[in-house]
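# An overview of the molecular structure
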Amino acid sequence: TEKLFTPVKLGALSLPNRVLMAPLTRNRAKRPGDVPTQMNARYYAQRASAGLIISEGTQISPEGKGYIDTPGIYSDEQVAGWRLVTDAVHEAGGRIVAQLWHVGRVSHISLQPDSQAPVAPSAIRAEAKTYIEGGFSDVSDPRELKTDEIGHVVEDYGRAAKNALAAGFDGVELHAANGYLVDQFIRDGSNTREDAYGGPLQNRLRFLREVLESIVANIDADRVGVRFAPFSNGNGISDSDPMTTFSGAIEALNPFGLAYLHMVEGQIRTTEAAGRAEVAELRKLFKGSYVANNGYDRDMAIKAVASGAVDAVAFGRDFIANPDLPKRLEINAPLNEQDRDTFYGGQEHGYTDYPFLDAVSA
Ligand SMILES: C=C(C(=O)O)c1ccccc1
């Protein structure tokens, strides 16, 4: 059988196959309090045949929220809600890690505590939109985090990792991609700080290092993954030299002994550039398991894993529409049509009502 459908160990995580469910924001947490629900549990349990499920981004604090109805992982009620999800996934024989998320400047004052300005490394507004009550909106002007505030955000990541374990997750993935807070510190287009967190690359990587130290103080490093998107300009992020910046970022990961590096290989939400030469060069720098993402289809995924350069492939939108994606890929069955109108927000329709193959063939 193709290597894509064989077991793999990513750190301490033993997976039955290499078809992973990528993190997918679905904006279906319960109000008030951004709490995961039984409906979320059903959605994730339907997809338990994934080698590993990476949860949707879950904000580590109220300030870390950037879109309407995304779930948090900082309150007791949210932890109890996530417990419903992990129990359901485990009962269905699956494995799931929590993607720890802080949006930084990609937010709106209507989503912030006391309608305050979103926080960021520097007071530079992102050329980005978010969705709030009533629809899309430009993101708000952020304020710069004071040097002595940064430690509190670092602690919020550690607490979120502890909460993820308490909620029954098998591990965590640090969201360091797609122009959100960690990415904002790493890149020179969004970080113009003049303290120890800005300027030279090693300073811009300081926040990443401190956040990882805070996380691995609460959960074993071989249960921790990191997601980068070196070549994406999504959410208005930019860097003057992505290859140098992310070579340094990947080298900063190596001492931790992490479970995996997850890389969006091109522009987010497009399919260009997967497998580009620079990606192969960055891949070689990471001394650990590598999860590839960005528009892979069945043939590309089979080839990438068979080549040995890629240990697993994360599929996003295909997993929205196909709860039994690993089986469909293995037997090369047709995939369900994706309904983009129900990707973000709503209830069961377009969430838990996509058909399984046997339902279709019966
Ligand atoms: C968490 C997201 C990301 O990483 O791009 C996201 C947020 C809103 C819509 C789609 C995706």
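Residues numbered from 1 in each chain as written. Predicted model: local features only at pLDDT ≥ 70, side-chain atom pairs only at ≥ 80, totals over all residues. Heavy atoms only, no water.

## Observations regarding the side chain of Asn 322
Of note, Asn 322 is situated in the loop between α10 (317–321) and α11 (325–330). Separated by 2.9 Å, the side chain of Asn 322 and the backbone oxygen of Asp 318 make a polar contact. When neighbours within four sequence positions are excluded, Asn 322 is seen to be in contact with Arg 328, Leu 335 and Asn 336. (Helix = DSSP H or I, 4+ residues; strand = E, 2+ residues; numbered from the N terminus. Polar contact = N/O pair within 3.5 Å; in protein donor to acceptor, adjacent residues only side chain to side chain. Contact = heavy atoms within 4.5 Å.)

## With respect to the pairing of strand β4 (residues 53–59)
In terms of residue burial, β4 counts as a mostly covered element, since seven of its seven residues are buried. The pairing of β4 with strand β5 (residues 96–101) spans five bridges and is classified as parallel. Within β5, the residue paired with Ile 54 across the bridge is Val 97. Once the chain exits β4 it traverses helix α2 (residues 76–91) before rejoining the sheet at β5, and the crossover so formed is right-handed. (Buried < 20%, exposed > 50% of the residue type's maximum accessible area, 1.4 Å probe, protein only. Pairing = 2+ DSSP bridges. Right-handed = clockwise from strand over helix to strand, strands pointing away.)

## Looking at the environment of Phe 343
Locating Phe 343 in the fold gives a position in the loop between α11 and α12 (357–361). Its relative accessible area of 5% is what places Phe 343 among the buried residues. With 87 residues separating them along the chain, Phe 343 and Phe 256 place their C-alpha atoms 35 Å apart.

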